[in-house]
Amino acid sequence: MIEVQHLTKRYGDLTAVSDISFSVASGQILGFLGPNGSGKTTTMRIVTGFLPATSGTVKVAGFDIFDDSFEVRRRIGYLPESPPLYNDMTVTAYLRFVARIKGMPRAEIADALDRVLTRCGLTTVADRVTGHLSKGFRQRVGLAQAIIHNPAVLVLDEPTIGLDPQQIIEIRALIKELAGTHTVILSTHILPEVAQVCEKVVIINAGRVVMEDLLANLTQEQTLEDVFLRVIAQEEPHNGQLQGEVEETAG
Amino acid sequence: MRNVLTIIGKELRSYFVSPVAYVVLTGFLLLGGWFFFNLLSRFSLLLTLYTQFQGGEAANRLNLNDYVIAPLMHNLSIILVILIPMITMRAYAEEKKSGTYELLLTSPMRTGELVLGKFLASFLFVCIMIGLTGVYPVILLAFGNPEVGVIVAGYLGLLLLATSFVAVGLLTSSFTENQIIAAVSGLVATLLLYIIGWPAETAGNVLGPLLRYLSVTEHFADMVKGLIDTRGLVYFASLIALALFLTQRSVESLRWR
């Protein structure tokens, strides 16, 4: 469903992502791991078509992200690191706006809105202005925004950040429910989250893929934490600090 | 087209649910009203003086078009130079800063639709602004007899001038994620368009007419006098089209940079 091949992204002299390749099968949930500044956000921005790659190709549902960007964008739901909310809009107005620009037929919007409000636990705040919501609710509105048009592919950049334990459990359950019908790339720092939710794991470090395997294979002998620490230590990031700065300016 | 309407709706809504629209409209009408009041009281003083000391003949040369409406239009145009970059500064800069730019650009929407939607929304807002100043000429029409054709031409000029400034302001906003930089560079650009014709007198036979043609003021002043010239209309249309085109390229550049 998603095929990333030899993807490289340079900002001037800095290489944020270097020759990375991985693939996600249809209906699979991919855990996308890596230390801060390793190029996770950059990769996701390229996959969603927000940023162009310096070289390499990305195919989503068979469409090339550069040649058929429009078709790809139609099929993707994206939750960036900070939820892209308009602080002066109510939750309902905001989600209705998103549904429209995602190209949903007008007749389906009302149903879709009810569905995501319930699914993301937003019914109680539906008429509140998003700028006044707590971080947990903002994150949930961000998730609702990503799934409202029922996209085949979901790209979620740290979706459980800032949530309380109860909400984290709910959101994880929600993401798990999406498996099978949706293909998901889930970036996170929280290793147990990957262990619970994902089928496949890609670990990147300093802009390179250092591990790509099914979760079941990885955790046969070691815990995911041990695997993560081992592959990160193997390849000491020579320009890790610069990478971090790139991430920051890009954000 | 549907996307354009959605963007217009969202933009207009954000003007009017925040205090922005009300502050801008109040400020604009307050200053406009002050100018109008001053011009009118000066006119009435002149009229009294002229009739007292020089008889009816001199007083006949005073008319509302030249002594009240034309200077009012010029004053309003100066306020627009300052206010419009402040109206347009947030259009792209704020989206970039708050991360909503990612939402817009990863949606299946053409950049042209986004640019057009934002432009039309600001254009409609400016129409409301200028439309509300219509009370001044209406007051004059109720109590005097200014020439309606000249007023209409002046208003067309004011609207074209404001629309060009909107297009230029949106362009500068698309370059940056900092609203202050967007506003300042927008102000510099619109002000430059306003005053670029000043050295025309001394700039020689080639450069002089060119500077005069590039100046917004020149074409605007003609319209305020009641002269609607195709040269002026072409000038405003090309300025707006150029700024919109560059904005589209600027937004699109993120995809190939």
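None of these values were measured; they are calculated from a predicted model.

Procedures and definitions
Just so you know, the residues in each chain are numbered from 1, in the order the chain's sequence is written. In the order they appear in the text, chains get letters beginning with A and ligands get numbers beginning with 1. Local features are withheld for residues below a pLDDT of 70 in this predicted model, meaning they are given only at 70 or higher, and side-chain atom pairs are given and counted only at 80 or more; totals for whole chains, interfaces and linings count all residues. DSSP-based pairing: two strands are paired if at least 2 bridges between them are found. Only runs of H or I of at least four residues qualify as helices and only runs of E of at least two qualify as strands under DSSP, and these elements are numbered from the N terminus. Residues are defined as contacting one another if the C-beta atoms placed from their backbone atoms lie within 7 Å. Angular values range over 0 to 180 degrees, each being the angle between N-to-C directions of two axes fitted as lines to C-alpha atoms, with helices fitted over their stretch in contact. A helix is expected to span 1.5 Å multiplied by its residue count minus one. For the exposure call, what matters is how many other C-beta atoms sit within 10 Å of a residue's own: 20 or more marks it buried, 12 or fewer exposed, and in between partly exposed, using C-beta atoms placed from the backbone. Each crossing gets its hand from how the near helix is turned against the far one by less than a right angle, where anticlockwise is left-handed and clockwise is right-handed. In this count, Pro and Cys sit with the nonpolar residues alongside Ala, Val, Leu, Ile, Met, Phe, Trp and Tyr, while Asp, Glu, Lys and Arg are called charged and the others, Gly among them, polar.

Engineer: What exactly am I supposed to notice about the sheet that holds strand β5 (residues 63–64) of chain A here?
Structural biologist: Two strands in a sheet stick together by hydrogen bonds in their backbones, pointing the same way (parallel) or opposite ways (antiparallel). All names here are of chain A. Read from one edge of the open sheet, four strands run β2-β1-β4-β5, paired in antiparallel fashion. Two strands lie at the open edges of the sheet, namely β2 (14–24) and β5, each paired on one side alone. Pairing geometry for strand β1 (residues 2–11) and strand β4 (residues 55–60), over five bridges, is antiparallel. Bridged to isoleucine 2 within β4 is valine 60. Across the sheet, helix α1 (residues 40–47) is in contact with β1, β2 and β4; its angle to β1 comes to roughly 120 degrees.

Engineer: Mind showing me how you'd approach helix α9 (residues 148–174) of chain B here?
Structural biologist: An α-helical turn contains 3.6 residues, so any two residues separated by three or four positions project in the same direction. The end-to-end C-alpha distance of α9(B) is 39 Å, a good match for the 39 Å that 27 residues give at a rise of 1.5 Å each. A large share of α9(B) lies buried, amounting to 21 of its 27 residues.

Engineer: Just checking my understanding: could you explain the sheet that holds strand β6 (residues 76–79) of chain A for this structure?
Structural biologist: Residues and elements named next belong to chain A. Taken together, the six strands give an open sheet; going across it, the order is β6-β7-β8-β3-β9-β10, and neighbouring strands pair in mixed fashion. Unpaired on one side and paired on the other, β6 and β10 (208–214) mark the two borders of the sheet. Neighbouring strand axes in the sheet, compared pairwise and without regard to direction, differ in orientation by 15 degrees on average. Sheet topology note: the β6/strand β7 (residues 153–157) ladder contains four bridges and is parallel. Considered in β7, the bridge of glycine 77 is made with leucine 154. Most of the contacts of helix α9 (residues 224–234) go to strand β9 (residues 200–205), to which it runs at about 30 degrees, and overall it touches β3 (29–33), β9 and β10.

Engineer: How should I be thinking about the packing of helix α7 (residues 111–132) of chain B against α9(B) in this particular structure?
Structural biologist: Residues and elements named next belong to chain B. Relative orientation of the contacting elements α7 and α9 amounts to 145 degrees, with a least axis distance of 10 Å. For the crossing formed where α7 meets α9, the hand is right-handed. Across the interface between the two elements, Lys118, Phe119, Ser122, Phe123, Val126, Cys127 and Ile130 from α7 touch Leu158, Leu159, Ala162, Thr163, Val166, Ala167 and Leu170 from α9. For the contact of α7 with α9, a count of residues per class yields eleven nonpolar, two polar and one charged.

Engineer: Can you help me understand the interface of chain A and chain B in this one?
Structural biologist: Note: interface size is frequently given as the accessible area lost on complex formation between the parts. At the junction of the two partners, chain A supplies 20 residues and chain B supplies 18 residues. The leading source of residues in the side of chain A that touches chain B is helix α3 (residues 91–101) of chain A, at four residues. By residue class, the composition of the side of chain A that touches chain B is eleven nonpolar, four polar and five charged.

Engineer: What's the story with the pairing of β2(A) in this structure? I'm lost.
Structural biologist: Residue and element names in this part refer to chain A. Note that β1 and β2 share seven bridges and pair antiparallel. Residue pairing across strands places glutamate 3 opposite serine 23, the latter belonging to β2. Here β1 folds back onto β2, and the loop between the two strands holds two residues, one of which, glycine 12, carries a positive phi near 60 degrees.

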